[in-house]
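# Survey of secondary and tertiary structure
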Amino acid sequence: MPLTNSQQLDYVATLITDCTKCPLYKTATHSVPGSGNPTAEIVFIGEAPGFFEDQQGLPFVGNSGKLLDKLLLTISLKREEVFIANILKHRPPENRDPLPDEIRVCTPYLKAQLKIIKPKIIITLGRFAMNYFFPNESISRIRGQIRSLVWQDLPLTIIPVYHPSAGLRNGAMLQSLTDDFKTIGQFLGRI
Ligand code: SF4
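The rules behind the values
- Residues numbered from 1 in each chain as written.
- Predicted model: local features only at pLDDT ≥ 70, side-chain atom pairs only at ≥ 80, totals over all residues.
- Heavy atoms only, no water.
- Helix = DSSP H or I, 4+ residues; strand = E, 2+ residues; numbered from the N terminus.
- Expected span 1.5 Å × (residues − 1).
- Bend = angle between axes of the 7 residues up to and from the residue.
- Buried < 20%, exposed > 50% of the residue type's maximum accessible area, 1.4 Å probe, protein only.
- Axes fitted to C-alpha atoms, helices over the stretch in contact; angles between N-to-C directions.
- Left-handed = near helix turned anticlockwise from the far one by under 90°.
- Contact = heavy atoms within 4.5 Å.
- 1 Å grid on protein atoms, 1.4 Å probe; cavity = no way out; pocket = protein on both sides within 12 Å on 5 of 7 lines; lining within 4 Å.
- Points joined across faces, edges and corners; volume = space filled by probe spheres on them.
- Nonpolar A, V, L, I, M, F, W, Y, C, P; charged D, E, K, R; others polar.

A few words now on helix H5 (residues 100-117). Helix length check: H5 (18 residues) gives 25 Å between terminal C-alpha atoms against 26 Å at 1.5 Å per residue, within 8%. The axis of H5 is deflected most strongly, by about 40°, at Cys 106, and proline Pro 108 appears within four residues downstream. Taken residue by residue, H5 has Glu 102, Val 105, Cys 106, Thr 107, Tyr 109, Leu 110, Gln 113, Leu 114, Ile 116 and Ile 117 as its buried positions. Downstream of H5 by one or two residues, Lys 118 has phi in the positive range, about 50°.

With their axes 9 Å apart at the nearest point, helix H4 (residues 63-74) and helix H9 (residues 171-188) run at an angle of 35° to one another. Regarding H4 and H9, the two cross each other, and that crossing is right-handed. Along the contact surface, H4 presents Leu 67, Leu 68, Leu 71, Leu 72 and Thr 74, while H9 presents Leu 174, Leu 177, Thr 178 and Phe 181.

Moving on, we come to the layout of surface pockets. Unoccupied space between atoms shows up once a probe the size of one water molecule is rolled over them. What the largest pocket holds in volume is close to 610 Å³. Around the largest pocket sit 27 residues that line it, and Glu 47, Ser 64, His 163, Ser 165 and Arg 169 are the ones nearest its centre. Every element with two or more residues in the lining of the largest pocket is listed here: helix H3 (51-56), H4, helix H6 (127-133) and helix H8 (164-169). The element contributing the most residues to the lining of the largest pocket is H8, with four residues. For the lining of the largest pocket, the per-class residue count stands at 12 nonpolar, nine polar and six charged.

Listed below in structure tokens is the structure:
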């Protein structure tokens, strides 16, 4: 019998937990493979685990996660309906930006997760997730746009938005996030 999506994602998570392909595992407390609905139509992709995510092994459970929950509420989406993951699966020290080599060796895990889940829609949170799909674009230019892309044979709709942590730091970015979630909600027919 073929493995279910959930079983396949669990297997990828064990590979991530055992991974030593970059030095980040040495300073992290837990790996953060991602969580949510294994057959989600919508996947959210952030940057990397922060302090609380590293402590709990779950994505978006700190202040950024609380803001993400509020934004999801505005478009009547529950966490259980979606899958949430990050570009990097271990926390960079002091929440520094991911390095190009870390992204290169870590993103095959994200790719494997997406090929299992086969979502229709991806919301990228922040520039690192946006750049994974659109390497030559700038987040300030394309945030809030509804983009179509065939990626790894998957026909995807990708909507890049700012990372919630940017919204926590900057009122104008919070307004952009709020506006862009309205765009997402309208696209999904949720508002
Ligand atoms: S961040 Fe990614 S590549 Fe680096 S050790 Fe963790 S899982 Fe492996």
